[in-house]
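Descriptive structure summary
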Amino acid sequence: MEEKRKALRQKAMHLPLLPGVYIMKNAKDEIIYIGKAKALKNRVSQYFGSQNGHPLKVRKMVENVDHFDYIVTDSEFEALVLECSLIKQHMPKYNILLKDDKGYSYIRIAGERYKTIQSVLQRNDDGAEYLGPYTSSYAVKQSVDAANKIFMLPQCGKDFDNARPKERPCLHYYIHQCCGVCTGKVNQKEYAETVAQAIRFLKGDTADILKQLRSDMENAAEQLEFEQAAKLRDRIQAIERLQEKQKVIYKSVEEQDVFSMAETEGMICLAVLRFAKGRLFDSEHFFFDKTDDFSKMYSDVITSFYSMRQNIPKRVTVDGEVEGAENVERWLSEKRGSKVIIFTPQRGEQVEVVKMCRENAQEKLALRLGKTGKTVAVLEELRDLLGLEKTPNYIESYDISHTAGQDSVAGMIVFKDAKPYKPAYRRFTIKSFTGNDDYRSMNEVLTRRFIEYEQAKLRNIEDGFGRLPDLILLDGGIGQVHAVEPILKEFNLNIPLFGMVKDNKHKTRAIAKNGGEIEIQSKRRVFSLISSIQDEVHRYSVAYHHQKHKHRTLAMTLTEIEGIGDKKAKALLQHFKTLKAIKEASILDLAEVKGISDTNALNVYNHFHAE
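The following paragraphs examine the structure supplied in this document. (Residues numbered from 1 in each chain as written. Predicted model: local features only at pLDDT ≥ 70, side-chain atom pairs only at ≥ 80, totals over all residues. Heavy atoms only, no water.)

As a packed pair, helix α4 (residues 76-90) and helix α11 (residues 325-336) sit with axes 9 Å apart at the nearest point and diverge in direction by 60 degrees. On the basis of their axis angle, the class for α4 and α11 is oblique. Crossing of α4 against α11: the hand is right-handed. The residues of α11 that touch α4, namely those facing Glu76, Phe77, Leu80, Val81 and Cys84, are Asn327, Val328, Arg330, Trp331 and Glu334. (Axes fitted to C-alpha atoms, helices over the stretch in contact; angles between N-to-C directions. Helix = DSSP H or I, 4+ residues; strand = E, 2+ residues; numbered from the N terminus. Parallel < 35°, antiparallel > 145°, perpendicular 65-115°, else oblique. Left-handed = near helix turned anticlockwise from the far one by under 90°. Contact = heavy atoms within 4.5 Å.)

If you want it as structure tokens, here you go:
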């Protein structure tokens with residue numbers, strides 16, 4: 001494999017320094033990747049050099065390359081156009097492919113006596129009534145959900161025409177989102193009228209529906225049917241609230257698509273929100289393996305996305321740089337037939353639009369990985385604030401605790417996915433010296449931790465000490481950081497290292513790094529996370545210190561007994577755990593402790609039973 005890569009690199013070094021398209025093929029002569037380049041020689045030769053800097057997906061692609069072809073073009077823009085055309089024709093395995101496989105969506109109305117309304121992705125020949133097709137599954141689902149909640153229609157999927165006359169209702173009934181057809185108490189005629197109103201609502205006939213509902217509410221009130229009037233009033237208010245919410249989504253946002261992404265644990269979720277006339281009309285999301293070149297990824301994503309779609313907006317908003325943005329804009333403009341701009345907002349309402357898109361990506365990614373959107377969001381914010389290369393999903397934190405240099409210990413805690421991960425907690429007793437020196441103590445603790453890592457590697461252990469953290473936080477300022485930096489260099493480890501600085505009230509204030517401090521109090525989510533980590537590591541190390549101090553105090557009490565030194569006192573405490581248990585033990589129980597003779601046992605017993 002190494003020989004093949006060297007041969008391919010040698011071939012690549014003879015390519016011209018001209019724009020063009022390169023075509024990677026496997027041993028079966030199948031096209032597995034198509035790319036464009038401003039200078040073919042520079043771009044293609046990068047693939048076959050050192051593999052250390054490439055993400056996993058690129059390394060896999062390179063492993064499967066048997067040979068490659070190329071086409072020289074007159075300009076970088078022509079290369080972009082040709083690349084899009086070839087990708088659409090051949091659909092290579094390793095290109096980012098955002099296939100337009102959404103199809104159409106429908107509104108399904110099923111049932112005879114008790115009709116139900118659902119959003120579905122295909123129309124079946126099942127006797128049900130269908131509205132559609134609609135191009136946006138997002139808009140259909142949102143509208144159907146709103147209609148079901150406003151008109152309190154069942155969402156459980158039961159066939160009420162063939163259901164038992166009375167059943168125990170589900171949660172939706174108790175939270176007033178369902179009228180409770182399953183209870184057997186729903187008037188069939190009134191229900192049919194409600195479904196008819198819901199269908200008119202879905203068709204956009206809200207003005208007439210509101211007019212009719214207000215008339216029905218007034219009639220019910222005149223007939224002293226106040227419960228029915230209250231239900232109609234609530235329905236009117238729900239429709240009005242929904243209309244108001246739709247009106248004020250973003251008044252100044254007209255026709256545009258917004259791209260944003262979230263990244264964690266080697267996976268990226270790209271979210272796309274599509275706006276027209278100030279309203280969000282569609283939402284899509286896609287998952288990819290992590291990449292180190294986000295600007296190239298955005299370029300590939302945008303060209304792939306619009307290669308499969310005819311509806312191109314006036315503006316494409318992204319939350320980062322786009323490689324070759326001018327050429328991508330020109331390509332989009334030619335496809336649309338009018339000017340298209342790629343825009344990265346820095347302030348104002350557009351920043352809020354991008355933020356909404358990013359939160360959408362975070363929620364989708366969290367769902368995919370079994371996390372919460374808040375977890376993904378706070379870890380991404382911490383990553384960006386500290387300038388980290390990867391999201392710190394696994395954080396280790398250390399603190400030293402002692403009393404005037406006595407009983408000096410350290411605590412190591414782990415936060416995994418922004419939550420305490422107690423199976424990985426560890427405790428250390430400072431062994432290399434006695435006295436008050438937090439810097440030297442921290443140096444010893446981290447040295448021992450990474451020695452354990454080296455040993456775990458030899459035994460192929462990947463948990464506990466066998467896993468390296470994405471970030472190390474030390475309870476202390478820049479002095480603590482300087483004390484540990486040589487350890488990371490000694491073990492050739494590239495782990496981000498920062499200190500957690502407290503104010504004079506022992507509360508979290510900032511993060512220490514070389515060259516100064518990073519203020520975090522204005523970053524609410526990050527501040528809350530760092531405060532939790534600092535409080536937890538302090539609690540854990542102090543608790544261990546108190547335990548050691550208490551143990552030493554008890555041991556000193558035992559060493560007052562004739563024949564009992566430090567070693568035997570420790571053996572007694574390890575066996576009985578508490579001084580009370582030692583006092584209550586019989587001579588025979590005491591003599592069972594390893595290292596305790598019959599004479600020792602008698603002396604201990606007599607010491608506590610002198611009276």
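Moving on to the sheet that holds strand β7 (residues 256-264). Reading across the sheet, the five strands line up as β9-β8-β7-β10-β11 and stay open at both edges, with mixed pairing between neighbours. Edge positions in the open sheet fall to β9 (279-289) and β11 (341-343), since each of these has one partner strand only. Direction aside, neighbouring strands of the sheet carry axes that sit 20 degrees apart on average. Here four bridges tie β7 to strand β10 (residues 315-318), and the two strands are oriented parallel to one another. Bridge assignment links phenylalanine 259 to a residue of β10, and that residue is valine 318. Helix α10 (residues 294-307) contacts β7, β8 (267-276), β9 and β10 of the sheet and is inclined by roughly 135 degrees relative to β7. Those strands touched by α11 are β10 and β11, and its axis lies near 135 degrees from that of β11. (Pairing = 2+ DSSP bridges.)

This next bit is on the nonpolar core. Within the largest apolar cluster, 28 residues are counted, with the highest numbers of intra-cluster contacts made by Ile117, Phe151, Phe201 and Ile239. Every element with two or more residues in this core is listed here: β4 (105-110), α5 (137-150), α7 (188-202), α8 (206-222) and α9 (226-247). Ranked by the residues each element gives to this core, the list is headed by α7, at six residues. Those residues in contact with isoleucine 239 that lie beyond four places of it in its chain are Ile150, Phe151, Phe201, Ile209, Leu210 and Leu213. The next biggest cluster of nonpolar side chains, apart from the first, holds 27 residues, and it includes Leu98, Tyr306, Val316 and Val340. (Core = buried A, V, L, I, M, F, W, Y, C linked by side-chain atoms within 4.5 Å. Buried < 20%, exposed > 50% of the residue type's maximum accessible area, 1.4 Å probe, protein only.)

All right, on to the pairing of strand β13 (residues 406-416) then. Each regular strand shows side chains that alternate between the opposite faces of the sheet. Of all 11 residues in β13, nine are buried; the element is thus mostly enclosed. Pairing of strand β12 (residues 394-403) with β13, which is carried by nine bridges, proceeds in the antiparallel orientation. Pairing of threonine 403 across the sheet is with glutamine 406, part of β13. Of the pairings in the sheet, the one linking β13 to strand β15 (residues 426-429) comprises four bridges and is antiparallel in character. Each residue of the ladder has a partner; that of methionine 412, found in β15, is arginine 426. In this antiparallel pair of consecutive strands, β13 and strand β14 (residues 419-420), the connection spans two residues, and aspartate 417 shows a positive phi of 55 degrees.

This next bit is on the pattern of salt bridges. Opposite charge on two side chains makes pairing possible when the charged atoms of those side chains draw close. One pass over the structure, following the stated rule, counts 22 salt bridges. Close ionic contact of aspartate 69 with lysine 25 constitutes a salt bridge, the shortest N to O distance being 3.0 Å. Here the residue aspartate 69 occupies a position in strand β3 (residues 67-72), and lysine 25 occupies one in strand β1 (residues 20-25), the gap between them amounting to 44 residues. For aspartate 69, a relative accessible area of 33% gives the class partly exposed. Residue lysine 25 is classed as buried on the basis of its relative accessible area of 14%. Residue aspartate 475 pairs with lysine 502 through a salt bridge whose shortest N-O separation is 3.3 Å. Of the two residues, aspartate 475 is situated in strand β16 (residues 471-475) and lysine 502 in strand β17 (residues 497-502); the sequence distance between them amounts to 27 residues. (Salt bridge = Lys/Arg side-chain N within 4 Å of Asp/Glu carboxyl O.)

Together, Leu171, Tyr173, Tyr174 and Ile175 line one region of the surface with nonpolar side chains, adding up to about 410 Å² of accessible area. Tracing the chain through its elements places isoleucine 175 in the loop between α6 (171-174) and α7. Owing to a relative accessible area of 42%, isoleucine 175 belongs among the partly exposed residues under this scheme. (Patch = residues over 30% accessible without salt bridge, like charges linked within 9 Å, V, L, I, M, F, W, Y side chains within 5 Å. Areas by Shrake-Rupley, 256 points an atom, 1.4 Å probe, with all protein chains shown as cover.)

For the rest of this paragraph, the subject is the packing of aromatic side chains. All chains considered together, the criterion is met by 14 aromatic pairs. Relative to tyrosine 47, the ring of tyrosine 33 has its centre 6.2 Å away and its plane inclined at 65 degrees; by these criteria the two rings are edge-to-face. One end of the pair, tyrosine 33, is in strand β2 (residues 31-37); the other, tyrosine 47, is in helix α2 (residues 40-47), and 14 residues separate them in sequence. Assessed through its relative accessible area of 8%, tyrosine 33 is described here as buried. Their ring planes at 50 degrees and their centres at 6.3 Å tell us that phenylalanine 428 and phenylalanine 465 sit as a pair that is tilted. Remark: phenylalanine 465 occurs in the loop between α14 (438-458) and β16 and phenylalanine 428 occurs in strand β15; sequence separation between them is 37 residues. The same class applies to phenylalanine 428 and to phenylalanine 465, which are both buried. Aromatic ring contacts, followed pair by pair, group Phe259, Phe286, Phe305 and Tyr306 into a single cluster. Above the plane of the ring of phenylalanine 68 lies lysine 11, whose end atom (NZ or CZ) is 4.4 Å from the centre. Residue placement shows arginine 330 over the ring face of phenylalanine 77; its charged tip is 3.9 Å from the ring centre. (Phe/Tyr/Trp six-rings, centres within 6.5 Å; stacked < 30°, edge-to-face > 60°. Lys NZ or Arg CZ within 6 Å of the ring centre and 35° of its normal.)

A word on the sheet that holds β1. Taken together, the three strands give an open sheet; going across it, the order is β2-β1-β3, and neighbouring strands pair in antiparallel fashion. The sheet is open, and its two edges are formed by β2 and β3, each paired on a single side. Direction aside, neighbouring strands of the sheet carry axes that sit 20 degrees apart on average. Pairing of β1 with β3, which is carried by six bridges, proceeds in the antiparallel orientation. What sits directly across from valine 21, in β3, is isoleucine 71.

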